[in-house]
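Listed below are the residues making up each chain.
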Amino acid sequence: MKTIFIIIVVLFFSVQSQAQFLRKLGDKAIEAAGRTVERKVEEKSEKTTGDASDKVLNPKKKSSGETNSSKENSNEPKSKKEKTSKKAEVKSAKDFVPGNKVLVFEDFSQDAIGDFPVNWLTNSSGEVVTISGTPQRWLKLSNKGAFTITDIKQLPENFTLEFEVYVNEGSFSFYSSYLNVGIVESKKKNDYIKWEEYGNGSEGVFMRMFPTVADAFQEGKLGRSEVRVYSEGEKIIGNDLDTPAFNYTKNNHVKVQIWRQKNRLRMYIGDKKVWDLPNAFQQVKYNSVVFYIHDYHNEEDKYYISNFRLAEATGDTRHKLLETGSFVTNEILFDYGKATIKPSSSKVIDEIGTVLKDNPKIKVSISGHTDSDGDEKKNLQLSEQRAMAVKTELVRKFDLNEDNIQIFGLGETQPVSKNNTEEGKKQNRRVEFKIIK
C-alpha cells in the first residue's frame, strides 16, 4: 500500500512538471511567432517607406514593383508614339466669358522657328518651336528670366487674358520653377524684369502654376497653383492650393483663362475655376503682362505658351450680368397693353438665355417695369405678367430650371426717368435681371 502511494505521488509531480514544461514551450512558441510577425511587418513597412522615399528623393527611379522601359530624352517635347495621331484637346471653363474686343493676339505665326519672337522682350532667352500632336507654334521659355509682350500699352478695367500652356508628359522635377504670370504696372520699359524671383516690383497680381507636388503618392496626378498680390512692393494677398487641373500626366496641355472685372480676379485652368478674388486688383494703372521662370532643375523641364489672347470685356449683355450682377434692358418689347413678347426681342432674350444656360447654378430675378400711363394697379399686374412671359420664354427656349428664376411686377413704382416725355417713358418701360446671392 505504501508503495502504491509513493508511485502515485511520483506520477503526480511528473505530470505537473511536464505540464509546466509544455506551458513554457507553448509560451516560447507564441513569443517566437509574435516576433516573426513583427519582423515581417517591419520589413514590409521599411520596404514601403523606402519606395516612397525613393520617389521623393529620386523621382525617376522605379519602385521595386515597376518594370523599366526605354524612354527617349530630348530638349524638345514629343508625344508618345501611340498618341501621335491624337489631336490635343483644350477645354475651356463653361462660365468663362471671353472678351469681345480683341486687343492683342499672338500665335507666333509671323516668327521663324528657332527665333525669339519679334513682339516680345526678355532678359533671358527663348525660341519659337512646334510640338508634335499640336497644330500651333509655341514659345519655349528658357531658364531664369522674365518675358513680356510689347504690344500692350494699357490694360482696361475689364478684360480677359487667355493662353495655352504645355509641359512634357511623363515627368517634371519638383525642384524646377513655377510658371509665373503677372498683371503688373510698369513705369519704365524694363520694369518687367523687376518681377523675377525675389525681385522688387511694386504693383502686380501674380498667378503661379506647377505640374506636380511633393507628395510621392500624388506625384504627377496633382499640380499646384498660387496667387500673390503686391501693392507698394509689399505682398498683401497670398494663397496656394493643390489641384488636378494641371499636371504632367493627364493635363499637361491646358488652357489658362484670366478674367479681370475691375477689382475682381477670376482664374481658370482647363475647365476648372481655381481662383476668384473680389479685391485682387488695386487702384493703379496696370499696363503689362509678365511671365517669368526662376530655374529648371532638369534639362527636359520646360514651359511652352501659345495662342495668347487679350480682349476687352465691353458692355455686352453677358458681361454686364456676370460682372455687375444685374442687367437692365428696354429692348424686350411687348404688344401695347399686353404681355405678348414681340419677335424683335429675340436677340437680347437669346443672350440672357445663353448666360443662364452656361451657368446653371446662377439664380436670377426678373422684374417688370412700366411707365405711368394708365391705371396704377393694372400697370402693376401687367408688369408681373410681362416678367412671367420672359421667364416662360427663357425656360421654354433654353430648358432652364424654372426654380432658379423668380419674377416680380413693380409697375410704375420705380421710374428711372420722367414720364412726361416719350423718351422718358421708354426708359421706364424696362425689364431688369438680377443675380440672386
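All residue numbers here refer to positions counted from 1 along the written sequence of the relevant chain. With the structure being a predicted model, the display of local features is reserved for residues of pLDDT at least 70 and the display and counting of side-chain atom pairs for 80 or more, all residues being used for whole-chain, interface and lining totals. Side-chain numbers come from the whole structure's heavy atoms, not from hydrogens or water.

Defined as follows: UniProt positions are given in the numbering used here, feature names are shortened, and annotations may be inferred rather than shown by experiment.
The name given to the protein in an unreviewed UniProt entry is OmpA family protein, with the source organism recorded as Flavobacterium swingsii. Under the heading Subcellular location (unreviewed entry), UniProt records this for the protein: "Cell outer membrane".

### Focus: the packing of aromatic side chains
Convention followed: Any two of the Phe, Tyr and Trp rings considered here, Trp counted by its six-membered ring, make a pair once their centres fall within 6.5 Å; the pair's planes then place it as stacked at under 30 degrees, edge-to-face at over 60, or tilted in between. What counts as a helix is a DSSP run of H or I of at least four residues, what counts as a strand is a run of E of at least two, and both are numbered from the N terminus. Only protein chains enter the accessibility calculation, which uses a 1.4 Å probe. A residue is then buried if its area is under 20% of the maximum for its type, exposed if over 50%, and partly exposed in between. Here, a charge over a ring means that NZ of Lys or CZ of Arg falls within 6 Å of the ring centre while also lying within 35 degrees of the ring normal.
A full pass over the atoms with the stated rule returns 21 aromatic pairs. Taking the centre distance of 6.1 Å and the plane angle of 40 degrees together, the rings of Trp120 and Phe291 count as tilted. Residue Trp120 is found in strand β2 (residues 120–122), and its partner Phe291 is found in strand β14 (residues 288–293); the two are separated by 171 residues along the sequence. Accessibility assignment for this pair places Trp120 and Phe291 in one class, buried. Residues Trp195 and Phe206 carry aromatic rings whose centres are separated by 4.9 Å and whose planes lie at 40 degrees to one another, so their mutual orientation is tilted. Note that Trp195 is positioned in the loop between β7 (179–184) and β8 (204–210) and Phe206 in strand β8, a separation of eleven residues in sequence. For the pair Trp195 and Phe206, one class covers both residues: buried. Members of the aromatic cluster, each reached through a chain of ring pairs, are Phe172, Phe174, Tyr175, Tyr178, Phe210, Tyr296 and Tyr303. Its guanidinium or amino end placed over the ring of Tyr178, Arg208 lies 4.3 Å from that ring's centre, counting from NZ or CZ. Sitting above the plane of the Phe281 ring, Arg260 keeps its charged end 4.7 Å from the centroid.

### Observations concerning the sheet that holds strand β10 (residues 234–243)
Spelled out, the test is: Whether two strands pair comes down to DSSP finding at least two bridges between them. Note on definitions: angles span 0 to 180 degrees between N-to-C directions of axes, and those axes are lines fitted to C-alpha atoms, for helices only across the stretch in contact.
Spatially, β2-β5-β14-β7-β8-β9-β10 is the arrangement adopted by the seven strands of the open sheet, whose pairing is antiparallel. For this open sheet the edge positions go to β2 and β10, each flanked by a neighbour on one side alone. If you compare each strand with its neighbour and ignore which way they point, the axes differ by 20 degrees on average. Pairing of strand β9 (residues 223–231) with β10, which is carried by nine bridges, proceeds in the antiparallel orientation. Paired with Glu226 across the bridge in β10 is Asp240.

### As for the nonpolar core
Going by this rule: Among the buried residues, those of types Ala, Val, Leu, Ile, Met, Phe, Trp, Tyr and Cys that are joined through side-chain atoms within 4.5 Å form a nonpolar core. Any pair of residues with heavy atoms lying within 4.5 Å of one another is described as a contacting pair.
Counting 49 residues, the largest nonpolar core has Val165, Phe291, Tyr303 and Phe308 as the members making the most contacts within it. When near neighbours in sequence (up to four residues on either side) are disregarded, Phe291 contacts Trp120, Gly145, Ala146, Phe147, Phe163, Leu179, Asn180, Val181, Ile305 and Phe308. The next biggest cluster of nonpolar side chains, apart from the first, holds 27 residues, and it includes Phe96, Leu321, Leu322 and Ile352.

### A word on the environment of Asp215
Heads up, the condition is: In protein, a polar contact means a hydrogen-donor-capable atom and an acceptor-capable atom, both N or O and within 3.5 Å, with residues adjacent in sequence counting only if both atoms are side-chain atoms; elsewhere, any N or O pair within 3.5 Å suffices.
If you trace the backbone, Asp215 turns up in the loop between β8 and β9. Remark: the alpha-carbon pair of Asp215 and Phe174, spanning 41 residues in sequence, is separated by 9.8 Å. At 3.0 Å, the side chain of Asp215 forms a polar contact with the backbone nitrogen of Phe217.

### Quick notes on helix α3 (residues 346–358)
To keep things clear, this is the line we draw: Here, expected helix span is obtained from the residue count minus one, scaled by 1.5 Å. Throughout, the arc means the angular range of directions from the helix axis out to the C-beta atoms.
In this model α3 runs 18 Å from its N-terminal to its C-terminal C-alpha over 13 residues, within 8% of the 18 Å that 1.5 Å per residue would give. Within α3, burial applies to Val348, Ile349, Ile352, Gly353, Val355 and Leu356. Buried residues along α3 cover an arc of 160 degrees about the axis, so they all sit on one side.

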